[in-house]
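# An overview of the molecular structure
Chain residues, written in single-letter form:
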Amino acid sequence: MKKIIVTLIAFTAFSGFAQQRTCGTMDKVNLLKATVPGFEAHHNEVMNYIQNPDNAQTRTIFNRGGDNNTPNVVVTIPVVFHVLYKNAAQNISDAQINSQLAVLNADYRKLNADFNTVVPSVFRPLGADVEITFCKATRTPAGATSTGITRKSVSSSFVFENSYYLAAGEPAWDPTKYLNIWIGRFTDDQLLGFAYLPSNAGQADDGLCIGDQYFGTTGTATAPFNKGRTGTHEIGHYFGLLHPWGDDGSPCGSGANSDGVSDTPATDNPYFNCPSFPNNANACTNTANGSMFMNYMDYVNDACMAFFTAGQKTIMQNTLAGPRLSLLTSNGCATLGLSDFEAMNAISVYPNPVSQYFMITSPQSQIDEVEIFNNMGQLVKTQKLSSQTNNVVNIDELASGTYYLRIYNGGKLLKSDKIIKK
């Protein structure tokens, strides 16, 4: 009888854990790894780039003063909200959309009123103003005036999580210039939302997809996910953050279960609901302070998460200096995120090192050609560039080693760089 009771308790606990609502980001990333040739290697290299970059370009863009600890450029990201509704209740109000925007602008500037009450005093010094703000787009990609909101009625059989960006849903506005946010009702009722990591930057499905019940602070938003923190969490993924447990399924001590952030204590599983501080239940190393479960990238209830760390801020700014650089020169809002001078000099080559292909992004300056030289100065490859954003340069055929790049427009050299082929 005791054995049966213990088994029943274990099964009940497991079932409760399995029924918790969660983020779908890694499921989407793993699907790309399984179905898109070369994506896994590209994803790993992009994540390595934003977690361990040569930060010269990041310092140039975000820190005119030269001190990497005190960046002084606040960037503005244009956002378009796509509402896909199956009934009148799901056609959420402008007020609900505005409430989510307000949460994002508070959370990413460390202006949220609950920072001091939710974050324990031992962790507060690690809290960071990420220096990112969000605005509703005031113009479409074609230049027409916009409210930053689109609305579309979809059929009752519409599978939001799979078709949100297709013609049956609402195709993205240029994802290199706008953060697209799709709001609808998932068929999977355990799914809160998902956003693609920077390895998928610029693709047709790139952006945030979120359930209307977990969006904003009013309207259809439902407790305990009615404080807008699902949006904060998922956009953290969009800017390159992983969950604190690292998402790779490795147990503590394997050396692999890392989110790439030095100031978030290592854990091996998510936290749910509202744990009491301190808590070492999922900690890789028991300490007096326990796990940082109140971080925006964990799975606790909205009311129990309240900050990003300085280490997470670094990754997000590295992302904005590389894979998502083109967002900073978008004219989707009334003003640009960077000065014209900074934008003209913002040509990014990433990831680096690379095994198969790298990307060249020049969101403000026209570019049309890149030359690649080996370490003996011999020209080994020339490629025409057709876009200012996310040009793919395949070097799979080149031997491992260091190569030097010269990037041109109309025969004029704009930038020299180097890349390491693994």
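Everything that follows concerns the structure shown earlier in this document.
Structure report, in brief. Throughout this document, residue positions are counted from 1 along each chain, in the order its sequence is written. This being a predicted model, a pLDDT of at least 70 is required before a residue's local features are given, and a value of 80 or more before pairs of side-chain atoms are given or counted; all residues contribute to the totals for chains, interfaces and linings. Processing note: side-chain calculations cover all non-hydrogen atoms of the structure and skip hydrogens and water entirely.

## Looking at the state of the cysteines
Count a disulfide wherever a pair of cysteine sulfur atoms falls within 2.5 Å. Scanning the model with the defined rule gives three disulfides in all. Residue pairing for Cys135: its cysteine sulfur links by disulfide to Cys333, the two sulfurs lying 1.5 Å apart. In this structure the cystine formed by Cys135 and Cys333 twists about its S-S bond by roughly 95°; its chirality is therefore right-handed. One end of the pair, Cys135, is in strand β3 (residues 132–136); the other, Cys333, is in the loop between α9 (310–320) and α10 (340–344), and 198 residues separate them in sequence. Runs of E in the DSSP output that reach at least two residues are strands. Runs of H or I that reach at least four are helices, and both are numbered from the N terminus.

## Regarding the sheet that holds strand β14 (residues 412–421)
Strand pairing follows a simple DSSP-based rule, namely that at least 2 bridges must link the two strands. Taken in spatial order, the four strands make up an open sheet running β11-β10-β13-β14, and their pairing is antiparallel. At either margin of the open sheet sits one strand with a lone partner, and together these are β11 (379–384) and β14. The sheet shows a mean angle of 20° between the axes of neighbouring strands, direction not considered. Here strand β13 (residues 401–409) runs beside β14; their pairing, made up of nine bridges, is antiparallel. Considered in β14, the bridge of Tyr404 is made with Lys418. The convention used is that axes are lines fitted to C-alpha atoms, helices contributing only their stretch in contact, and that angles between N-to-C directions extend from 0 to 180 degrees.

## A closer look at the side chain of His42
Looking at where His42 falls in the secondary structure, it is placed in helix α3 (residues 39–51). On the accessibility criterion, His42 (5% relative accessible area) is buried. Those residues in contact with His42 that lie beyond four places of it in its chain are Ser199, Pro351, Tyr357 and Met359. Only protein chains enter the accessibility calculation, which uses a 1.4 Å probe. A residue is then buried if its area is under 20% of the maximum for its type, exposed if over 50%, and partly exposed in between. Contact between two residues is taken to exist if any of their heavy atoms lie within 4.5 Å; hydrogens are not considered.

## Things to note about the packing of aromatic side chains
Pairs of aromatic rings are described using the distance from one ring centre to the other and the angle between the two planes. By convention, a stacked pair of Phe, Tyr or Trp rings (six-membered ring in the case of Trp) has centres within 6.5 Å and planes under 30 degrees apart, an edge-to-face pair has planes over 60 apart, and any other such pair is tilted. In this structure the tally under the stated criterion is 22 aromatic pairs. Relative to Trp182, the ring of Tyr164 lies with its centre 4.7 Å away and its plane at 65°, an arrangement referred to as edge-to-face. Highlighted residues: Tyr164 in the loop between α7 (160–163) and β5 (179–184) and Trp182 in strand β5, separated in sequence by 18 residues. When the centroid spacing of 5.3 Å and the interplanar angle of 85° are considered together, the rings of Trp173 and Tyr178 count as edge-to-face. Residue classification places Trp173 among the buried residues on the basis of a relative accessible area of 12%. Residue Tyr178 is classed as buried on the basis of its relative accessible area, which comes to 3%. Cluster of aromatic residues (ring-pair linked, three or more members): Phe160, Tyr164, Tyr165, Trp182, Phe186, Phe194 and Tyr196. Between the NZ or CZ atom of Lys110 and the centre of the ring of Phe115, over which it lies, the distance is 5.1 Å. Arg324 extends its terminal NZ or CZ atom over the ring of Tyr238, reaching a point 3.5 Å from the ring centre. Only Lys NZ and Arg CZ are tested; either one counts as a charge over a ring when it is within 6 Å of the ring centre and within 35 degrees of the ring normal.

## Section: helix α5 (residues 94–107)
Because each turn of an α-helix spans 3.6 residues, side chains separated by three or four positions end up pointing in the same direction. Its 14 residues place the ends of α5 20 Å apart at the C-alpha level, agreeing with the 20 Å of an ideal helix rising 1.5 Å per residue. All of the buried residues along α5 are Gln96, Ile97, Ser99, Gln100, Leu101, Val103, Leu104, Ala106 and Asp107. Where α5 is buried, its residues meet β2 (75–85), β3, β4 (149–153) and α8 (229–238). The span you would expect from a helix comes to 1.5 Å times its residue count less one.

## Some thoughts on the pattern of salt bridges
We count a salt bridge whenever a side-chain nitrogen from Lys or Arg sits within 4 Å of a carboxyl oxygen from Asp or Glu. For the structure shown, the criterion picks out 10 salt bridges. We note a salt bridge from Asp107 to Arg229, for which the minimum N-O separation is 2.9 Å. Pair noted here: Asp107 is in helix α5 and Arg229 is in helix α8, with a separation of 122 residues, a long-range link. We note that Asp107, like Arg229, is buried. For Arg185, the salt bridge is made with Asp212, and the minimal N-O distance between the two is 2.7 Å. On the criterion of sequence distance, the pair formed by Arg185 in the loop between β5 and β6 (191–195) and Asp212 in the loop between β7 (208–211) and α8 is long-range, its members being 27 residues apart. Overlapping salt bridges bring together Asp107, Asp114 and Arg229 as one network.

## A short note on the packing of α3 against α9
One can describe the packing of α3 onto α9 by two numbers: an axis separation of 8 Å at closest approach and a directional angle of 115°. Where α3 approaches α9, its residues Tyr49, Ile50 and Gln51 are matched on the opposing element by Ile315, Asn318 and Thr319. Gly is placed with the polar residues, together with every amino acid not listed as nonpolar (Ala, Val, Leu, Ile, Met, Phe, Trp, Tyr, Cys and Pro) or charged (Asp, Glu, Lys and Arg). In terms of residue class, the contact of α3 with α9 is built from three nonpolar, three polar and no charged.

## Some thoughts on the environment of Ser262
Along the chain, Ser262 turns up in the loop between α8 and α9. A C-alpha to C-alpha distance of 9.3 Å links Ser262 and Ala310, two positions 48 residues apart in sequence.

## Observations regarding empty space enclosed by the protein
Cavities and pockets were defined on a 1 Å grid built over protein atoms only: a cavity is a set of grid points that admits a 1.4 Å probe from which the probe cannot escape, a pocket is an open set flanked by protein on both sides within 12 Å along at least five of seven lines, and lining residues are those with an atom within 4 Å of any such point. Grid points are joined across faces, edges and corners, and a volume is the space filled by probe spheres set on the points. Taken as a whole and judged by the stated rule, the model has three cavities of 30 Å³ or more. By volume, the largest cavity is sized at about 110 Å³. Lining the largest cavity we find 14 residues, and of these Leu192, Thr230, His233, Asp298 and Met305 sit closest to its centre. Elements supplying a minimum of two residues to the lining of the largest cavity: β1 (22–23) and α8. Among the elements that line the lining of the largest cavity, the one with the most residues is α8, at four residues. Partitioning the lining of the largest cavity into residue classes produces six nonpolar, three polar and five charged.

## Things to note about the environment of Gln20
Of note, Gln20 is situated in the loop between α1 (2–18) and β1. In this structure Gln20 comes out as partly exposed when scored by relative accessible area, which is 22%.

## Let's talk about the nonpolar core
Only buried residues count toward a nonpolar core, which is a set of Ala, Val, Leu, Ile, Met, Phe, Trp, Tyr and Cys residues joined through side-chain atoms within 4.5 Å. Among the nonpolar cores identified, the biggest contains 73 residues, and Ile77, Tyr108, Phe134, Ile181 and Phe239 are the most heavily contacted of them. Looking at this core element by element, the count peaks at seven residues for β2. Excluding residues that lie within four positions of it along the chain, Ile77 makes contacts with Ile132, Thr133, Phe134, Cys135, Leu179, Phe239, Leu320, Leu327 and Leu328. Counting residues in hydrophobic clusters, the runner-up holds 16 residues, among them Ile347, Val349, Ile407 and Ile419.

On their own, these measurements won't tell you what the molecule is for.
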